Amino acid sequence: MRRALLCLFLLTACSGGTDDDDARDGGSVVKDAGTRDAGVEEPRDGGPPPSFCEARCDFETRCNAGEVSDYCGADCEDWAALIRPAAIDALASCLGVGDDCSVAGDEDSCFSMAAQAAGTRDIDTMLRDACTMKHTDCGDTFPLALCANDSNIELYETSVIVELNGCFVPAAACGEVLDCFLMAAPRLGG
């Protein structure tokens, strides 16, 4: 999964779907707090709406029968807690979480689109600047793609960006930058 994570940082963004109101609930699509298929109002079954991971796990279990999904289980919940809410919403829309298996997008493209949907913060720009300066100091000891505008760091909560920034401080050993980055970046299925 480290390779998949690195790919997320190396890919460029592309567009995906925008309808992020659907969520899985006991076999029916739930829209806007209680409206089920065809707009018929029905009460929820009393429980909280499913998390992104629960909805995505259900989708993959149904749509990719026989395959093991990284979205099923506690690892996904831990990972999702470190992803910005706007990015999770965009991922749900692009990756697919409802009844229609045909809505699933390409995972790498969905992650890029979700990073764009979350938006670039000042802290993301500062991380890229620190990364670029460290790359200049260290040469090719780590991929310059980590510093690129399409590196998808916008996916992560501020606490993750702060930890990633520690990999690029002047005192960090050049040969350890990539390993530090891969250890600090949340990864799914890891």
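Caption draft 1: Structural detail: the nonpolar core. The biggest cluster of nonpolar side chains holds 42 residues, and the ones touching the most others in it are Phe52, Trp79, Leu164 and Phe168. Looking at this core, the elements with two or more residues in it are helix 2 (52-63), helix 3 (74-80), helix 4 (85-95), helix 5 (107-118), helix 6 (122-138), helix 7 (158-165) and helix 8 (177-184). Among the elements that make up this core, the one with the highest residue count is helix 4 (seven residues). Leaving out residues up to four positions away in the same chain, Leu164 has contacts with Leu127, Tyr156, Phe181, Ala184 and Ala185.

Caption draft 2: Expanded view of the packing of helix 2 against helix 4. Between helix 2 and helix 4, the shortest axis-to-axis distance is 11 Å and the interhelical angle comes to 10°. Comparing the axis directions of helix 2 and helix 4 gives the class roughly parallel. In this structure, helix 2 contributes Phe52, Arg56 and Phe59 to the contact, and helix 4 contributes Ile88, Leu91, Ala92 and Leu95.

Caption draft 3: Main features of the environment of Arg121. Along the polypeptide, Arg121 turns up in the loop between helix 5 and helix 6. Separated by 37 residues in sequence, Arg121 and Thr158 have C-alpha atoms that sit 9.3 Å apart. Apart from residues no more than four positions distant in its own chain, Arg121 is found in contact with Arg84, Ile153, Glu154, Tyr156, Glu157, Thr158 and Ile161. A distance of 2.7 Å separates the side chain of Arg121 from the side chain of Asp124, its partner in a polar contact.

Caption draft 4: Representation of unusual backbone geometry. The residue Asn152 is not glycine, and still its phi comes out positive at about 70°. Within the secondary structure, Asn152 sits in the loop between helix 6 and helix 7.

Caption draft 5: Summary view of the state of the cysteines. Taken as a whole and assessed by the stated rule, the structure comprises seven disulfides. There is a disulfide in this structure between Cys94 and Cys110, and the S-S distance comes to 2.0 Å. An S-S torsion of about -75° defines the bridge between Cys94 and Cys110 as left-handed. Here Cys94, found in helix 4, pairs with Cys110, found in helix 5; they are 16 residues apart in sequence, far enough to count as distant.

Caption draft 6: Representation of helix 8 within the structure. Of all the positions in helix 8, only Val177, Phe181, Leu182 and Ala184 are classed as buried. Across the axial projection of helix 8, the buried residues extend over an arc of 170°, all falling on one side.

Caption draft 7: Layout of the side chain of Arg121. The class of Arg121 is buried, set by a relative accessible area of 18%. Among the polar contacts made by the side chain of Arg121, one reaches the main-chain carbonyl oxygen of Tyr156 at a distance of 2.8 Å.

Caption draft 8: View of the environment of Val103. For Val103, the location among the structural elements is in the loop between helix 4 and helix 5. Looking at Val103, the relative accessible area reads 40%, which means it is partly exposed. Spatially, the C-alpha atoms of Val103 and Ser93 are 8.4 Å apart, while their sequence positions differ by ten residues. The residues contacting Val103, other than those within four sequence positions of it, are Phe59, Cys94 and Gly96.

Caption draft 9: Inspection of a negative patch on the surface at higher detail. A cluster of acidic residues, Glu54, Asp75, Glu77 and Asp78, forms a negative patch on the protein surface. In terms of residue count, helix 3 provides more of the negative patch than any other element does, three residues in total. Within the secondary structure, Asp75 sits in helix 3.

Caption draft 10: Main features of the packing of aromatic side chains. One pass over the full model with this rule turns up six aromatic pairs. Both rings, one in Phe52 and one in Trp79, keep their centres 6.4 Å apart while their planes meet at 40°; by these two values the pair is tilted. Of this pair, Phe52 sits in helix 2 while Trp79 sits in helix 3, and the two are 27 residues apart along the sequence. On the basis of relative accessibility, which here comes to 11%, the residue Phe52 falls in the buried class. What makes Trp79 buried here is its relative accessible area of 5%. Geometrically, the ring pair formed by Trp79 and Phe111 is edge-to-face, given 5.9 Å between the ring centres and 65° between the ring planes. Placement of Trp79 in helix 3 and of Phe111 in helix 5 is noted, with a sequence separation of 32 residues between them.

Here is what the cut-offs are and how they apply
- Residues numbered from 1 in each chain as written.
- Predicted model: local features only at pLDDT ≥ 70, side-chain atom pairs only at ≥ 80, totals over all residues.
- Heavy atoms only, no water.
- Core = buried A, V, L, I, M, F, W, Y, C linked by side-chain atoms within 4.5 Å.
- Buried < 20%, exposed > 50% of the residue type's maximum accessible area, 1.4 Å probe, protein only.
- Helix = DSSP H or I, 4+ residues; strand = E, 2+ residues; numbered from the N terminus.
- Contact = heavy atoms within 4.5 Å.
- Axes fitted to C-alpha atoms, helices over the stretch in contact; angles between N-to-C directions.
- Parallel < 35°, antiparallel > 145°, perpendicular 65-115°, else oblique.
- Polar contact = N/O pair within 3.5 Å; in protein donor to acceptor, adjacent residues only side chain to side chain.
- Disulfide = S-S within 2.5 Å.
- Arc of directions from axis to C-beta.
- Patch = residues over 30% accessible without salt bridge, like charges linked within 9 Å, V, L, I, M, F, W, Y side chains within 5 Å.
- Areas by Shrake-Rupley, 256 points an atom, 1.4 Å probe, with all protein chains shown as cover.
- Salt bridge = Lys/Arg side-chain N within 4 Å of Asp/Glu carboxyl O.
- Lys, Arg positive; Asp, Glu negative; His and termini not counted.
- Charge placed at Lys NZ, Arg CZ, Asp CG, Glu CD.
- Phe/Tyr/Trp six-rings, centres within 6.5 Å; stacked < 30°, edge-to-face > 60°.

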